[in-house]
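Residues per chain, in single letters:
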Amino acid sequence: MDQEDETRHTFAQEDHQVAYIFDPDQDGESRQDQRAPKRRRVTKSATKRGGKAQDDTLFVPLLNGAEKAEFVRLRQTRFEEAWGMIDQRIQGILRDSNSATLDQVSTFVNDAASTCIDQIPSVFVVTGPNIASQDLLFEQLSESLGQQSTSRFVRLKSSEAVTLKAALKKTIRDAMATVVDGDDEDLQVEGTQDGRRYLDYDLEALEAFIKPLNCEHVFVAFQDSEGFDSSLLSDLITLFHSWRPRIPFTLLFGIATSVELLQARLLKSACRLIYGAQFDAAQAGNILETVFKGAVAAADVPVRLGAPLLRSMLDRQHEQVAGIQSFISSLKYAYMCHFYANPLSILCSGEDEEAPQLEHLEASRNLPSFRHTVEREVEKSTHESLEHAKALLENNEYLVNQIRSGHRNRQTWASRFLRSLLILQAAGAQRTSFSRAYVDGMVGGAPMSPEGSNLVQCIRMMKPEELPGLLAAVIAIFRDGDGTLHLDPSTEEKDEQLQRTLETQLEELEQLKAKADEEGTSLRSKYSGHSKIMRTTVIAQKVQLSQDSAALRDQDKRLTEIVDEVTAALSTHYPDTNPNHVLFAECWLYDSRSPSREVFVPRPRAAFERSLGRPHDYLNCSCCEPDSQGLQATLPATSILYQLYLETGNLINVADLWSAFYALVSQTEEDERKALVMFYRGLAELRALGFVKGSKKKVDHIAKVKWL
């Protein structure tokens, strides 16, 4: 095994080739000539050291190969540390997402053990229409309910239990299965003490197995209960109830619709045998929002994802009804692509950084954010700004200091950006979810000015009773931060000054409200609807209606001044929150959508058609280079047959196809038998790829296959 592990961790040049050419004749001769290498014993410590050395070189050098080995290893280390932190946070969020449901189910199971005597305790968990979220929930249920040694947990899916016998086999096998070794995935079924042999679908074997264990619960979970046949479910419930005195069955049903619809599908006699309670699981949309806040939008995430990539990930979650694991996989792939393909990902990390190479400095001077910063400083036309721009362009030491301060600039931007989103959300200026608002903000920032948002309008249209709540929420955003976003209290002097101003306005607003309550009047500003009155004027027997403002009292005027001061302070507080305007933002911002789209939204037909239509793109050989003469005889046999395949109808005569193929191949291959072998091999590959199949209409014809 040690030798095999060492061989598996060894990479060859062929591992990085795009395609392979298989020639059985040459390969057979080469195998006969080659001699098996002599094996030697390798200790586990040496294997671990060898595996670690190979792991250090999994990332390839960038910057046209000029990147040093220590920076290559540093990129891989940063990726492992960054994703390790995010993955740990995601797992914690997932564990806490269904904690309330798990506690309720555990309480019901413990209480039902004493109350249910003639009926089977049953748990009905309504998971919603997202079937993919059921895997996470039932995995947590198996960990929560099956953690005791005196309990057994069995998960049944409709695809695995089609018949009654198959359902019983899986139930008995999974309930009796015990892991032999912690590192071994093979399962062992223990025998009974009396040595009797049972059929694999006989519940008496399960009874004999759990009897010496004093098992308290045998949980049987029907993960997708709507997928099971109604008669099968009724038969299983009846059978489990008949064994209930000897085997302590407890049933769990995952329901995507409602309990009433499930009850209508079951027999009434079966429904009378169960005693259940309904529990609502956390919806997939809520879990996605929580994971998004903690792993994507949090203030301390090491990598920020751009708007195009995030929008495609969210759209795929809603359109394809994908589970949360699909979103997590996409997020991990984005992290890997960022650190694997970006040599500047080691910069602006906030840790003790080594001095970058000259190639790093030259690459950083070609970034769009660097160009934008230099142009902005030149446009200011002050002495300090011009010296700053000149030093960025010419002084490497000054540039290194700016790179090292990039982490602080990133944290400042993240704090301002997230606080802007929270303020807009508190004022009711955002009508969408937080994830969508975050994605829209990553395009051009989260402006609070009247030109970029309706924050000012929302505050002006608020009632006097709602304005104190808004001011208190905004003050809490600066004073306390936000726990779900890992946003700490603000320490900027500008934010502290705004916080003091809002506290003063809130105190004065409370005084105005208390005084109005004493007088028995209501406050109103000039922006409220109550301050508008309609006037009727009769001129020459014609009635004219006009709108005018009602007279405001001193308290109302002061309320209007407070509203104007609040809107002016908030709308001008954060003038620019665009992430692309932060210097060296490309070091921590990843916005490429193409790699994720090609991996998570595969297009097999397009790939097959390109490989068969243009094999030179993959083989890169001179014999496959396209020319102006049309179809070439030097192309692979499968490519030639594919080109002929495109020119035919739905039914293809194999004899005619062979004639056309041999007429073309005979220019380079004179042996007809070898050409026939090439023809059969190419036709078999087309069939394996799903382009053609045998025809029942005519024996000597093949039919095209329509597939997406």
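Residues numbered from 1 in each chain as written. Predicted model: local features only at pLDDT ≥ 70, side-chain atom pairs only at ≥ 80, totals over all residues. Heavy atoms only, no water.

The name an unreviewed UniProt entry assigns to the chain is Origin recognition complex subunit, from the organism Pochonia chlamydosporia 170. Per its UniProt entry, the chain bears the Subcellular location (unreviewed entry) comment "Nucleus". Looking at the Sequence similarities (unreviewed entry) heading of the UniProt record, one finds this comment for the chain: "Belongs to the ORC3 family." (UniProt positions renumbered as here; feature names shortened; annotations may be inferred.)

Draft legend 1. Just the confidence of the model for the chain, in detail. For the chain, the mean per-residue pLDDT works out to 82, and 83% of the residues sit at or above 70. Within the chain, strand E8 (residues 304–305) carries the highest mean pLDDT (94), whereas strand E4 (residues 187–189) carries the lowest (39). Under a pLDDT of 50 for its full length, residues 43–55 has, in the predicted model, eight contacts with residues more than four places off or in other chains. Scored below 50 in pLDDT, residues 179–192 shows 16 contacts in the model against residues more than four places distant or in partner chains. (pLDDT = per-residue confidence, 0-100. Helix = DSSP H or I, 4+ residues; strand = E, 2+ residues; numbered from the N terminus. Contact = heavy atoms within 4.5 Å.)

Draft legend 2. Here's a closer look at helix H19 (residues 406–426). The end-to-end C-alpha separation of H19 is 30 Å, in line with the 30 Å expected for 21 residues at 1.5 Å each. Gly428, located one to two residues past H19, shows a positive phi value of around 80°. (Expected span 1.5 Å × (residues − 1).)

Draft legend 3. The arrangement of the sheet that holds strand E14 (residues 701–704) in detail. With respect to topology, three strands assemble into an open sheet ordered E12-E14-E13, the strand pairing being antiparallel. Looking along the sheet, the strands with just one partner apiece sit at the ends: strand E12 (651–653) and strand E13 (692–694). On average, each strand axis in the sheet is tilted by 40° relative to the strand beside it, whichever way the strands run. Where E12 lies against E14, three bridges are found, and the strand directions are antiparallel. Bridge assignment links Asn653 to a residue of E14, and that residue is His701. With respect to the sheet, helix H29 (residues 654–665) is in contact with E12 and E14, its orientation differing from that of E12 by roughly 60°. (Pairing = 2+ DSSP bridges. Axes fitted to C-alpha atoms, helices over the stretch in contact; angles between N-to-C directions.)

Draft legend 4. Quick peek at the packing of aromatic side chains. According to the stated counting rule, one finds 25 aromatic pairs in the structure shown. Relative to Tyr438, the ring of Phe434 has its centre 6.4 Å away and its plane inclined at 35°; by these criteria the two rings are tilted. Taken together, the positions of Phe434 and Tyr438, both in helix H20 (residues 434–444) and four residues apart, correspond to about one turn of that helix. A ring pair is formed by Phe661 and Phe679, whose centres lie 5.6 Å apart and whose planes are at 50°; its orientation type is tilted. You can see Phe661 sitting in helix H29 and its partner Phe679 sitting in helix H30 (residues 672–689), a full 18 residues away along the chain. An aromatic cluster is built from Phe292, Trp413, Phe417, Phe434, Tyr438 and Trp588, whose rings are joined through pairwise contacts. (Phe/Tyr/Trp six-rings, centres within 6.5 Å; stacked < 30°, edge-to-face > 60°.)

Draft legend 5. Spatial organisation of the side chain of Thr101. By secondary structure assignment, the location of Thr101 is in helix H5 (residues 99–115). Residues in contact with Thr101, not counting those within four places in the same chain, are Phe279, Asp280, Ala281 and Ala282.

Draft legend 6. Main features of the nonpolar core. Within the largest apolar cluster, 99 residues are counted, with the highest numbers of intra-cluster contacts made by Leu331, Tyr335 and Tyr438. The contacts of Leu331, once residues within four sequence positions are left out, are Trp83, Ile86, Ile90, Ala295, Val296, Leu305 and Met313. (Core = buried A, V, L, I, M, F, W, Y, C linked by side-chain atoms within 4.5 Å. Buried < 20%, exposed > 50% of the residue type's maximum accessible area, 1.4 Å probe, protein only.)

Draft legend 7. Highlighting a negative patch on the surface. On the surface, a cluster of negative charge is made up of Glu465, Glu466, Asp517, Glu518 and Glu519. Looking at the secondary structure, you find Glu465 in the loop between helix H21 (455–460) and helix H22 (467–479). Judged by its relative accessible area of 52%, Glu465 is exposed. (Patch = residues over 30% accessible without salt bridge, like charges linked within 9 Å, V, L, I, M, F, W, Y side chains within 5 Å. Areas by Shrake-Rupley, 256 points an atom, 1.4 Å probe, with all protein chains shown as cover. Salt bridge = Lys/Arg side-chain N within 4 Å of Asp/Glu carboxyl O. Lys, Arg positive; Asp, Glu negative; His and termini not counted. Charge placed at Lys NZ, Arg CZ, Asp CG, Glu CD.)

Draft legend 8. Expanded view of the pattern of salt bridges. With the rule as written, the count across this model stands at 19 salt bridges. Among the salt bridges present, the one from Glu561 reaches Arg558, with a minimum N-O distance of 2.7 Å. Taken as a pair, Glu561 and Arg558 lie in helix H24 (residues 554–571) at a separation of three residues, close to a single helical turn. By relative accessible area, which is 41% here, Glu561 ends up partly exposed. Note that Asp617 is salt-bridged to Arg614, the shortest N-O span being 3.3 Å. Residue class for Arg614 comes out partly exposed when judged on its relative accessible area of 48%. The structure contains a network of salt bridges with shared partners spanning Glu160, Lys170, Arg173 and Asp174.

Draft legend 9. Inspection of the packing of helix H12 (residues 284–295) against H20 at higher detail. At a minimum axis separation of 9 Å, H12 and H20 run at an interaxial angle of 40°. With respect to each other, H12 and H20 are oriented oblique. Of H20, the residues touching H12 (which contributes Glu289, Phe292 and Lys293) are Phe434, Ser435, Tyr438 and Val439. For the contact of H12 with H20, the residue count by class is four nonpolar, one polar and two charged. (Parallel < 35°, antiparallel > 145°, perpendicular 65-115°, else oblique. Nonpolar A, V, L, I, M, F, W, Y, C, P; charged D, E, K, R; others polar.)

Draft legend 10. Looking closely at the sheet that holds strand E6 (residues 249–255). In spatial order, the strands read E2-E5-E6-E1-E7; together these five strands make up an open sheet with parallel pairing. Each end of this open sheet is capped by a strand with a single partner; those strands are strand E2 (151–156) and strand E7 (274–280). Neighbouring strand axes in the sheet, compared pairwise and without regard to direction, differ in orientation by 20° on average. Pairing of strand E5 (residues 217–222) with E6 involves five bridges; the strand directions are parallel. Within E6, the residue paired with Phe222 across the bridge is Phe253. Each of E2 and E5 touches helix H7 (residues 164–176); the most contacted strand, E2, lies at about 145° to it.

Draft legend 11. Layout of the environment of Phe661. The class of Phe661 is buried, set by a relative accessible area of 0%. Each C-alpha atom, one on Phe661 and one on Met678, is 9.7 Å from the other, the two residues being 17 residues apart in sequence. Discounting chain neighbours no more than four positions away, the residues touching Phe661 are Ala637, Ile640, Leu641, Leu644, Ala675, Met678 and Phe679.

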